[in-house]
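Residues per chain are reported as follows:
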Amino acid sequence: MIERRDFLKGCLACGVTAATVSVASGKAMAAGSFEGYPDAMGVLVDLTRCVGCRSCEAACNAEQKLPEPDLAFDDMSVFKEKRRTTEKAYTVVNKYQVATEETLFRKIQCNHCTEPACLSSCFVNAYTKTKEGAVIYNASVCVGCRNCMIACPFNIPAYSYSSPLNPLVKKCIFCYDTRLKDGKPPACVDICPQQVMTFGRRADLVKLGHDRIQANPAKYVDKLYGEKAVGGTSWMYLSSVDFDKVGFDGHIQNEPIISNVKDFLGFVPMVLSIWPALFTGVHLLATKNKDGHHDHEEGDHQ
Amino acid sequence: MKQFLTRNPGTQVIDSLRKDNDKGRPWTLMEKIFLGLTPQQYVSQAMGNPLNWIFAVIFLIGFPVLIGRYIFGLSWAVGDPYDNAWGLFLAFGLFGMVPLSSSGFQLGSAVEVFGRHDFEPIERLGILNGILGYFFAVVFLMVDLGQPWRLPYPMVVSWGPEAVLFLVAWHVATYLSVQAAETSTAFFEWMGWPAGKTFIKKMALGLAVAGIILSTLHQGALGALSTYAPGKVHPLWYSASFQWLYFFVSSLPGGLCMVIVVSTIALKTMGWRCDDIYKNSLSKLQIALAKGASMGLITYLTIRLIGIAHDNKWAYLATGWGAWWMVEIGFGVILSLVLLTAGIRNNSVTLVRMGAWTTIIGVVLNRLNVYMFTFNWQQGHVHIPPIREIIITVTVYSLYIVTYRAILYRWPILFKWKTRYSDYAVLEPKPVAIAEAEAASSK
Amino acid sequence: MHAVKRQMILGVTGILMMLVSSVCFGAGIPDKVTINSIQKYYAPVSFNHAAHINKLKDCGLCHHHTTGAQVADPNCARCHKNSGAQAVVSCKGCHTAEPFTPEALKQQRDQQPPIYHRDKPGLKAAYHISCLGCHEKMQGPTGCQDCHKRTDGGDAIFKSGKYAPKAPAKPKAAHH
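Residues numbered from 1 in each chain as written. Chains lettered and ligands numbered in written order. Predicted model: local features only at pLDDT ≥ 70, side-chain atom pairs only at ≥ 80, totals over all residues. Heavy atoms only, no water.

J.: Whenever I open this one, the overall build of chain C confuses me. Can you help?
T.: Across its full length, chain C holds nine helices and two strands. Overall, chain C shows an N-to-C arrangement of helices and strands of α-β-β-α-α-α-α-α-α-α-α. Taken over 176 residues, chain C has a buried fraction of 20%. Residue pairs at least 24 apart in sequence account for 41% of intrachain contacts in chain C once pairs closer than 6 positions are excluded. Of the roughly 12,700 Å² of accessible surface on chain C, 62% is carried by carbon and sulfur atoms. (Helix = DSSP H or I, 4+ residues; strand = E, 2+ residues; numbered from the N terminus. Buried < 20%, exposed > 50% of the residue type's maximum accessible area, 1.4 Å probe, protein only. Contact = heavy atoms within 4.5 Å. Areas by Shrake-Rupley, 256 points an atom, 1.4 Å probe, with all protein chains shown as cover.)

Here is the structure:
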């Protein structure tokens, strides 16, 4: 009896180990990586130019017909605390005292990633990465599981928790419906007096960003944030100080978030295929009694 | 009920299809629901149970709050947690309860796949524990979802198959069906529908294997969900490569120990309902379960440590969060191992039962840590849920306990149904007394 | 008789030369410029050009090399070291009001070779980057309304003045 049980445990251990090792050692290379739609638009955000006028917040509120804000958009007291996007504000600007005499402002909004985490985590396919570059949301299928909020490495999607009958995810959509579809820049880019944001094809903006750094190396940290982060984002940033100091996650992974789950998801069809035979086999081995019959051949127990 | 039966010895609590030791007329459904007591007797014994008073208070406060969540919207119950989108309903109600409900596939497969029929006295309890846990996890989900009426959407309206949650949704739906089928044998016995029971029993092996497949995947998937947010879970609780294994492996001792805990509570509080087979075999079976649980726990401890070594996270152990990690592992895993193995070695079911408690607390604590307490740890503050969220969680969990108890009181889970159904005849031949009486009245 | 005639010719020539040179070198420079080519949320700017000329002296600080000044930025000097005065000197002459229309972007992409003025700001940005940049260094006016008052449309979009929110005074902190 003991020998058989050990044998079975061994089978099980080997089976699980084999499955695990084969999964762990195989990389998710078969799928390749998505470099983005060729004509996808993007925005280059130059933090050194922002003066914190909040015109972008005002323009977004008007364009997207958002609810009335708590404070006027020319009220600078909002900079006392660090804000994030909410159901009423698709973009916010935060202020960072990076040195005694130096402040930097950072505009936060959806970065319209090339391989968005929100899209990858949505089980009803509510998100779409359009060929124009925007990551948009289909409110008519959203169940409200909020996995996208968990997944977004930038903590962008907000949820209208306060609505009893139709709570939805709220986030920047790159002014897709009203502007980007027609090739026009979003409202925030349009209104910005300092051209903090430069609009163009993402591929061109990557070159432009590096050109700007090269033209003025003393002014910028030599990094285009979002060029590679989580597989590349359409909204990219230039800064004069380390990105950690202005609220960015400096340790963010370069692989898109979906690559974190690819190995496990690949395991699923393996389990579905292997487990039936494996455990039926175990059953046959385990239940053959001395007469050579299996349990069930003797008739059912009550 | 215990007190009622002590004061009224000779009361026959329903344990068969028919009155008078299965020789009289069949019990009606209402009689079965009241366990053979009159409604007045039943209510009076219920009022005499102090636990019911506690539940009454919980429900008096909790149901209005639960209804308020739907009338006023989620923010009335949980606030506006943008950064911590998942709160107590999911971290406890779903992520916490599901691993403890893995007893369904474990006990089902122990009996059907591995042929360990000696576990039959607690097989049904394990399966019931499984389905109730998953069912109430779905109830918690219905409370948490922004638009719960859209729950069927990932099945029939719009598919997002690359999402781990898609897998979870489909699996939980399928697995609930599997478990409903496995639980139905007890239900069919109780209702007196032997054809249903026969039908299900033919699929027993298939259901058990399906249960193993589905459970492996969704227990693992619940862990994989956290890999969408690698920067947000504390490194000591996170492994890019092994997260799904952490969750799957820890669900095994979690489910087995939950059976130990529930079967002990049943023995102590519902001894009148347990038959001699159950009472006499329970200690031996609990120690056997403890053997499985302790193997699961030592494996779990090993892979947690391997995970830390794999990404070289030892330095984190010296931080405040590291101390908390040691509390979770020390109490939930190491202390459990000590208690369980001491109980096994000394044949002490008391130690085993203590170890079972520390195990299930440890598993739930782990899920709360991954999805709530250490979530967004870098923001520097721990998210504490608002009071209404806590009230609703307690209310739904109490509903789970009350439902559990109601089923254990009635269905043949802790006892064998005295009416024996053969596989091919609908019922035993009518008792002679009834047949003669009917023949006489039709003349 | 010959001496007087010679003096008169010299005198008239001198006066004519002064007139011509003043026309060539000074008469085209406006003292005040009304900047109103893009106005939506703010009133036109009444720009005191003369005061800036007197204070800064170097036209190249705003006009690059187009007024004949020597260009300072080494990135520009690579090509424009010897570029002199141009026919067009106004900001709006080179900086476009709408730099991000599909047509403008296409034009930028299609230029051959694709290396000239790729990072040229639009008109609004050119004004602000130039003016604000200097004002910050030289303690000039830096507030939006210091140079141009908001219009009614501006108040509306900023939810300011009579459009201010009636909601509670202190901001509701975004919960985490």
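Back to the write-up after that little detour.
J.: Would you take a moment to explain the overall build of chain B for this structure?
T.: Scanning chain B for helices and strands turns up 20 helices and zero strands. Rg of the C-alpha trace for chain B: 24 Å, near the compact-globule value of 22 Å for 443 residues, within the 12% margin. In terms of its C-alpha atoms, chain B occupies a principal-axis envelope of roughly 85 × 55 × 45 Å. The 443 residues of chain B split such that 59% are buried. Long-range pairs, those at least 24 residues apart, make up 79% of the contacts in chain B between residues at least 6 apart in sequence. Carbon and sulfur atoms make up 71% of the accessible area of chain B, which totals about 17,500 Å². Averaging the coordinates of the 33 positive side-chain charges in chain B and doing the same for the 23 negative ones gives two points 5 Å apart. (Rg over C-alpha atoms; globule rule 2.2 N^0.38 Å. Lys, Arg positive; Asp, Glu negative; His and termini not counted. Charge placed at Lys NZ, Arg CZ, Asp CG, Glu CD.)

J.: Teacher, can you tell me more about the packing of helix 12 (residues 164-191) of chain B against helix 14 (residues 204-224) of chain B here?
T.: A pair of packed helices can be characterised by two numbers: the angle between their axes and the separation between those axes. Residues and elements named next belong to chain B. Orientation of helix 12 relative to helix 14, taken along the N-to-C sense of each, is 145°, at an axis distance of 9 Å. Considering only the axes of helix 12 and helix 14, their crossing is left-handed. Mapping the contact onto sequence places Val-164, Leu-167, Val-168, His-171, Thr-174, Tyr-175, Val-178, Ala-181 and Glu-182 in helix 12 and Leu-207, Ala-208, Ala-210, Gly-211, Leu-214, Ser-215, Leu-217, His-218, Ala-221, Leu-222 and Ala-224 in helix 14. Looking at the contact of helix 12 with helix 14, its residues break down into 14 nonpolar, five polar and one charged. (Axes fitted to C-alpha atoms, helices over the stretch in contact; angles between N-to-C directions. Left-handed = near helix turned anticlockwise from the far one by under 90°. Nonpolar A, V, L, I, M, F, W, Y, C, P; charged D, E, K, R; others polar.)

J.: Would you mind going over the packing of aromatic side chains with me for this structure?
T.: A ring pair, where both rings are aromatic, is described by two values, the distance of the centres and the angle of the planes. All chains considered together, the criterion is met by 43 aromatic pairs over all chains. Where Tyr237(A) meets Phe248(A), the ring centres are 4.8 Å apart and the plane angle is 70°; that geometry is what we call edge-to-face. With Tyr237(A) in strand 9 (residues 235-238) and Phe248(A) in the loop between strand 9 and helix 7 (259-287), this pair connects stretches of sequence that are 11 residues apart. Since its relative accessible area comes to 7%, Phe248(A) is described here as buried. A ring pair is formed by Tyr397(B) and Tyr400(B), whose centres lie 5.1 Å apart and whose planes are at 40°; its orientation type is tilted. Here Tyr400(B) and Tyr397(B) lie together in helix 19 (residues 387-410), a separation of three residues that amounts to about one turn. Here a set of aromatic residues connected by ring pairs shows up, and it is made of Phe92(B), Phe135(B), Phe136(B), Phe140(B), Tyr397(B), Tyr400(B) and Tyr404(B). In this arrangement the basic side chain of Arg106(A) is found over the ring face of Phe248(A), its NZ or CZ atom lying 4.6 Å from the centre. (Phe/Tyr/Trp six-rings, centres within 6.5 Å; stacked < 30°, edge-to-face > 60°. Lys NZ or Arg CZ within 6 Å of the ring centre and 35° of its normal.)

J.: Would you mind showing me how to read the interface of chain A and chain B here?
T.: One frequently used descriptor of interface size is the decrease in accessible area upon assembly of the parts. Across the boundary between the two partners, chain A contributes 62 residues, which contact 70 residues of chain B. Surface buried jointly by chain A and chain B totals about 5,700 Å² across both partners, of which 62% is contributed by carbon and sulfur atoms. As a salt-bridge pair, Asp144(B) and Arg146(A) come within 3.0 Å of each other at their nearest N and O atoms. Linking chain A to chain B there are 26 residue pairs in polar contact (both at pLDDT 80 or more). (Buried area = accessible area lost by both parts, 1.4 Å probe. Salt bridge = Lys/Arg side-chain N within 4 Å of Asp/Glu carboxyl O. Polar contact = N/O pair within 3.5 Å; in protein donor to acceptor, adjacent residues only side chain to side chain.)

J.: Mind showing me how you'd approach the sheet that holds strand 1 (residues 41-46) of chain A here?
T.: Pairing between sheet strands relies on hydrogen bonds along the backbone, with the strands arranged either parallel or antiparallel. Residues and elements named next belong to chain A. On the basis of which strands lie adjacent, the open sheet formed by three strands has the order 8-1-9 and mixed pairing. Strands at the two margins of the open sheet, each flanked by one partner only, are strand 8 (197-201) and strand 9. Taken over all neighbouring pairs, the strand axes of this sheet differ in orientation by 25° on average, direction set aside. Bridging between strand 1 and strand 9 involves four bridges; their strand directions are parallel. Its bridge partner being in strand 9, Val-45 is matched across the sheet by Tyr-237. Along the sheet, helix 6 (residues 202-215) contacts strand 1, strand 8 and strand 9; its crossing angle with strand 8, the most-contacted strand, is approximately 135°. (Pairing = 2+ DSSP bridges.)

J.: I keep staring at the side chain of Ser348(B) and nothing clicks. Help me out?
T.: Relative to the elements of secondary structure, Ser348(B) occurs in the loop between helix 17 (320-345) and helix 18 (349-373). Sequence-distant contacts of Ser348(B), defined by excluding residues within four places in its chain, comprise Ile287(B) and Gly343(B).

J.: Got a minute to help me understand helix 17 of chain B in this structure?
T.: Because an α-helix packs 3.6 residues into every turn, residues spaced three or four apart end up facing the same way. Residues and elements named next belong to chain B. Along its 26 residues, helix 17 runs 36 Å from first to last C-alpha, staying within 8% of the 38 Å computed at 1.5 Å per residue. Most pronounced at Gly-330, the bend in helix 17 amounts to some 40°. Looking at the packing, one finds that the buried side of helix 17 touches helix 15 (243-269), helix 16 (276-310) and helix 18. Asn-347 lies just past helix 17 and shows a positive phi near 55°. (Expected span 1.5 Å × (residues − 1). Bend = angle between axes of the 7 residues up to and from the residue.)

J.: Teacher, can you tell me more about the packing of helix 12 of chain B against helix 13 (residues 194-202) of chain B here?
T.: Residues and elements named next belong to chain B. At a minimum axis distance of 8 Å, the contact between helix 12 and helix 13 shows a crossing angle of 155°. Judged by the angle between their axes, helix 12 and helix 13 are roughly antiparallel. Of the two elements, helix 12 crosses helix 13, and the hand of that crossing is left-handed. Each of Ala-181, Ser-184, Thr-185, Phe-188 and Glu-189 in helix 12 lies in contact with helix 13, whose residues at this interface are Gly-196, Lys-197, Ile-200 and Lys-201. (Parallel < 35°, antiparallel > 145°, perpendicular 65-115°, else oblique.)

J.: In this structure, what is going on with unusual backbone geometry? I would like to understand it.
T.: In most cases, non-glycine residues show a negative phi, while peptide bonds are predominantly trans. The omega angle of the peptide bond from Gln112(C) to Pro113(C) is -15°, so this bond is cis rather than trans. For Arg54(A), which is not glycine, the phi dihedral falls at a positive 65°. You can call Arg54(A) buried: its relative accessible area is 3%. Positive phi is not limited to glycine here, since Gln195(A) has a value of about 50°. Its place among the elements puts Gln195(A) in the loop between helix 5 (187-191) and strand 8. Taking relative accessible area as the criterion, Gln195(A) reaches 7% and is therefore assigned buried.

J.: How should I be thinking about the pairing of strand 3 (residues 102-108) of chain A in this particular structure?
T.: Along any regular strand the residues' side chains alternate between the sheet's two faces. Counting buried positions along strand 3 of chain A yields five of seven residues, so the element is predominantly enclosed. Hairpin geometry of strand 2 (residues 92-99) of chain A and strand 3 of chain A is characterised by an intervening segment of two residues between the two adjacent antiparallel strands.

J.: Would you explain the interface of chain C and chain A in this entry?
T.: Listed as interface residues are 34 residues of chain C and, on the opposing side, 40 residues of chain A. For the chain C and chain A pair, buried surface summed over both sides reaches about 2,900 Å², with 60% attributable to carbon and sulfur atoms. For the pair chain C and chain A, the interface holds three salt bridges. On the surface where chain C and chain A come into contact, there are 11 residue pairs in polar contact (both at pLDDT 80 or more). Of all the secondary-structure elements, those providing two or more residues to the side of chain C that touches chain A are helix 6 (102-110), helix 7 (123-137) and helix 9 (152-158) of chain C.

J.: So what exactly am I meant to see when it comes to the nonpolar core here?
T.: Ranked by internal contacts, the top residues of the largest apolar core, which has 219 residues, are Phe123(A), Tyr127(A), Met197(A), Phe199(A), Ile122(B), Val164(B) and Leu225(B). Per-element tally for this core: the top contributor is helix 12 of chain B, with 15 residues. Grouped together as the second largest cluster of nonpolar side chains are 10 residues, Phe73(A), Ala187(A), Tyr41(C) and Tyr42(C) included. (Core = buried A, V, L, I, M, F, W, Y, C linked by side-chain atoms within 4.5 Å.)

J.: Help me understand the side chain of His283(A) in this model?
T.: The topology assignment puts His283(A) in helix 7. When its relative accessible area of 4% is taken as the criterion, His283(A) is described as buried. Separated by 2.9 Å, the side chain of His283(A) and the backbone oxygen of Glu112(B) make a polar contact.

J.: How should the pattern of salt bridges be read in this particular structure?
T.: Pairing is possible between side chains that carry opposite charge, provided their charged atoms lie close to one another. Residue and element names in this part refer to chain C. Within this structure, the stated rule accounts for 25 salt bridges over all chains. As a salt-bridge pair, Lys-162 and Asp-152 come within 2.9 Å of each other at their nearest N and O atoms. Placement of Lys-162 in the segment after helix 9 and of Asp-152 in helix 9 is noted, with a sequence separation of 10 residues between them. A relative accessible area of 62% places Lys-162 in the exposed class. For Asp-152, a relative accessible area of 41% puts it in the partly exposed group.

J.: Sorry if this is basic, but what is going on with the pairing of strand 1 of chain A here?
T.: Residues and elements named next belong to chain A. Among the six residues that make up strand 1, six are buried, leaving the element largely enclosed by the rest of the structure. Pairing geometry for strand 1 and strand 8, over five bridges, is antiparallel. By the bridge assignment, Val-45 is partnered in strand 8 with Met-197.

J.: Looking at this model, I keep getting lost on the state of the cysteines. Mind explaining?
T.: According to the stated counting rule, one finds zero disulfides over all chains in the structure shown. Free of any disulfide, Cys60(A) has its nearest cysteine sulfur in Cys175(A), 6.4 Å distant. (Disulfide = S-S within 2.5 Å.)

J.: So what exactly am I meant to see when it comes to the environment of Phe100(C) here?
T.: Along the chain, Phe100(C) turns up in the loop between helix 5 (91-94) and helix 6. For Phe100(C), a relative accessible area of 8% corresponds to the buried category. The contact partners of Phe100(C), leaving out residues within four places of it in the chain, are Gly183(A), Pro185(A), Val189(A), Gln195(A), Met197(A), Thr198(A), Phe199(A) and Leu105(C).

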